Amino acid sequence: MATFKPVQIKKRGKGYQLYFYNPRGERRRISVGNNSQQAQRLSIKFTDWLLDGKDPEIELQKAQQKEIRNSITIKDFFLIFMERHGALRSKSMQLSYKYSFKNVCRCPQLANSELNLISKSLVLDYMHTRMKTDNVKPATVNREAAFLKCMLSKAFEWGILDSNPLQGLRLLPESEKREVNLTLEDAQKLLDALPSPIDDIIEFAIYTGFRKENILSLRIDQIRFHDLTNTGEVILSVKGGRTELYPLGPVAVELLKRVIGKRKEGFVFINPQSNNRYKSIHKTFDRAVKKFGFTVNGTKLRIHDLRHVFATWLHREGVSLDVLRPLMGHKNRATTDRYTTIDRLAVGKMLSFMPRIRVENKKSPQKQGLKSKTGTN
């Protein structure tokens with residue numbers, strides 16, 4: 001075993017330098033500034049690293065990088081977050097991130113906090129203060145807290161933080177449940193007021209309860225139709241970055257076969273103006289909703305409310321919450337309960353209860369040459 005050689009401190013001019021041999025036996029020299037006490041502290045630290053078989057230069061660089069990372073604030077990190085994560089999300093999600101960030105910036109104590117100093121208590125204080133000051137509902141501050149939690153989760157994933165300080169943060173109870181009572185006749189009116197192929201997208205949303213982005217980004221290779229029955233299944237990316245297999249009922253399969261036609265690849269729902277997937281369909285949907293005055297708890301019907309329609313229609317036919325839960329992508333029954341407004345069937349038969357909204361054999365947009373009946377979004 002090689003004899004350990006102690007770290008030496010030498011003064012050169014006004015500054016100090018440390019002389020040592022690294023684990024490879026190479027003699028090294030590092031300038032450590034003009035403060036003798038700082039040089040003494042680093043000498044002790046270098047000695048500890050060498051005794052552990054570590055290279056002081058590498059360890060010092062790691063410590064400096066960690067110090068830089070720890071100095072990043074919420075404001076600083078937002079640009080990194082949007083570039084590396086937000087840019088891959090839908091336009092509506094990007095707007096949601098920007099809106100939440102704008103509100104967080106109204107609280108300098110939180111927005112200017114270094115990432116490693118963010119705590120659950122700090123975020124909870126922000127949530128309660130925002131509700132009291134701005135008179136917003138728990139759902140609003142929960143969305144902003146979820147945004148902060150997502151940011152710190154990505155900071156941990158990218159090695160900027162050693163852990164997510166908001167992991168396990170409990171959101172506030174949302175007392176008000178959206179009572180979505182869209183009838184079959186209402187759904188027919190809504191679809192008839194929508195241009196193709198947006199009407200197909202909305203109809204499919206009701207038949208499946210899928211989230212909007214899952215539908216707009218759905219590709220043909222994610223779908224498998226069953227040979228012996230008029231059912232199928234689809235692989236979807238869900239919250240938390242997981243991929244799961246979801247069953248498709250007869251009416252959803254019928255719609256997909258009509259829309260896809262003989263195509264073998266690409267997106268299922270195609271924007272005829274761009275010949276690519278839709279980025280957003282909110283403007284067209286909102287115009288139709290406004291035309292008939294469809295509201296939920298005093299606010300306009302949203303595309304996300306169609307998940308409530310899917311769950312409510314099936315639950316009214318006797319489908320239990322325990323069966324609905326995996327179909328909605330929920331981890332617990334309490335969440336599913338918020339999607340139903342009103343319990344014995346196997347999953348394979350369950351989706352056959354979903355009624356067909358339009359009985360006429362509507363021609364496929366692809367067979368019509370994707371004529372621009374669709375509005376601009």
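For clarity, every value in this text was computed on a predicted model and none was experimentally measured.

Caption draft 1: A look at the pattern of salt bridges. Applying the stated criterion across every chain, the model contains 16 salt bridges. What emerges from the salt-bridge pattern is a single network uniting Asp199, Asp200, Glu203, Arg258 and Arg358.

Caption draft 2: Geometry of the sheet that holds strand 5 (residues 232–237). One open sheet holds the three strands; their spatial order is 4-5-6, and the pairing between them is antiparallel. A single partner strand is all that each edge strand has here, and the edge strands are strand 4 (223–225) and strand 6 (243–248). The average angle at which neighbouring strand axes cross in this sheet is 20°, direction not considered. Across three bridges, the pairing between strand 4 and strand 5 is antiparallel. Residue Ile223 lies in a different strand from strand 5, and its bridge partner there is Val234. In the packing of helix 11 (residues 250–260) onto the sheet, contacts are made with strand 4, strand 5 and strand 6, and the angle to strand 4 comes to roughly 110°.

Caption draft 3: Inspection of the packing of helix 8 (residues 184–192) against helix 9 (residues 198–208) at higher detail. At a minimum axis distance of 9 Å, the contact between helix 8 and helix 9 shows a crossing angle of 155°. The orientation of helix 8 relative to helix 9 falls into the category roughly antiparallel. For the element pair helix 8 and helix 9, the recorded crossing hand is right-handed. Of the residues in helix 9, those in contact with Ala187, Leu190 and Leu191 of helix 8 are Asp199, Ile202, Glu203 and Ile206. For the contact of helix 8 with helix 9, the residue count by class is five nonpolar, no polar and two charged.

Caption draft 4: Seen up close, the environment of Tyr97. When you line up the elements, Tyr97 lands in helix 4 (residues 91–104). Taking the relative accessible area as the measure of exposure, Tyr97 reaches 8% and is therefore buried. Those residues in contact with Tyr97, other than ones at most four positions away along the chain, are Phe78, Phe81, Met82, His85, Gly86, Arg89, Phe147 and Cys150. Within polar-contact distance, the side chain of Tyr97 engages the side chain of His85 at 3.2 Å.

Caption draft 5: Here's a closer look at the confidence of the model for the protein. Looking at the protein as a whole, its pLDDT mean stands at 83, while 82% of the residues score no less than 70. Helix 16 (residues 347–350) is the least confidently modelled element of the protein, averaging 48 in pLDDT, while strand 7 (residues 270–271) averages 95, the highest of any element. Note on residues 363–377: pLDDT is under 50 here. Beyond four places in sequence and across chains, it has 42 contacts.

Caption draft 6: Up close: the pairing of strand 3 (residues 27–31). Where strand 2 (residues 15–21) meets strand 3, five bridges bridge the pair, whose relative direction is antiparallel. Across the sheet, residue Leu18 finds its bridge partner in strand 3, namely Ile30. Joining the antiparallel neighbours strand 2 and strand 3 is a turn of five residues, in which Gly25 adopts a positive phi near 85°.

Caption draft 7: Summary view of helix 7 (residues 138–157). When the terminal C-alpha atoms of helix 7 are compared, their 28 Å separation across 20 residues agrees well with the 28 Å that a helix rising 1.5 Å per residue should span. Within the sequence span of helix 7, burial applies to Thr140, Val141, Asn142, Glu144, Ala145, Phe147, Leu148, Met151, Leu152, Lys154 and Ala155. Where helix 7 is buried, its residues meet helix 3 (74–84), helix 4, helix 5 (108–111) and helix 6 (120–134). Of the residues flanking the end of helix 7, it is Gly159, one or two places downstream, whose phi is positive at about 80°.

Caption draft 8: Just the packing of helix 9 against helix 11, in detail. Direction vectors running N to C along helix 9 and helix 11 enclose 155°, while the axes themselves pass 9 Å from each other. Judged by the angle between their axes, helix 9 and helix 11 are roughly antiparallel. The hand of the helix 9/helix 11 crossing is left-handed. On helix 11, the residues touching Asp200, Glu203, Phe204, Tyr207 and Thr208 of helix 9 are Val251, Ala252, Leu255, Leu256, Arg258 and Val259. Looking at the contact of helix 9 with helix 11 residue by residue, the classes come out as seven nonpolar, one polar and three charged.

Thresholds, definitions, all that
- Residues numbered from 1 in each chain as written.
- Predicted model: local features only at pLDDT ≥ 70, side-chain atom pairs only at ≥ 80, totals over all residues.
- Heavy atoms only, no water.
- Salt bridge = Lys/Arg side-chain N within 4 Å of Asp/Glu carboxyl O.
- Pairing = 2+ DSSP bridges.
- Helix = DSSP H or I, 4+ residues; strand = E, 2+ residues; numbered from the N terminus.
- Axes fitted to C-alpha atoms, helices over the stretch in contact; angles between N-to-C directions.
- Contact = heavy atoms within 4.5 Å.
- Parallel < 35°, antiparallel > 145°, perpendicular 65-115°, else oblique.
- Left-handed = near helix turned anticlockwise from the far one by under 90°.
- Nonpolar A, V, L, I, M, F, W, Y, C, P; charged D, E, K, R; others polar.
- Buried < 20%, exposed > 50% of the residue type's maximum accessible area, 1.4 Å probe, protein only.
- Polar contact = N/O pair within 3.5 Å; in protein donor to acceptor, adjacent residues only side chain to side chain.
- pLDDT = per-residue confidence, 0-100.
- Expected span 1.5 Å × (residues − 1).

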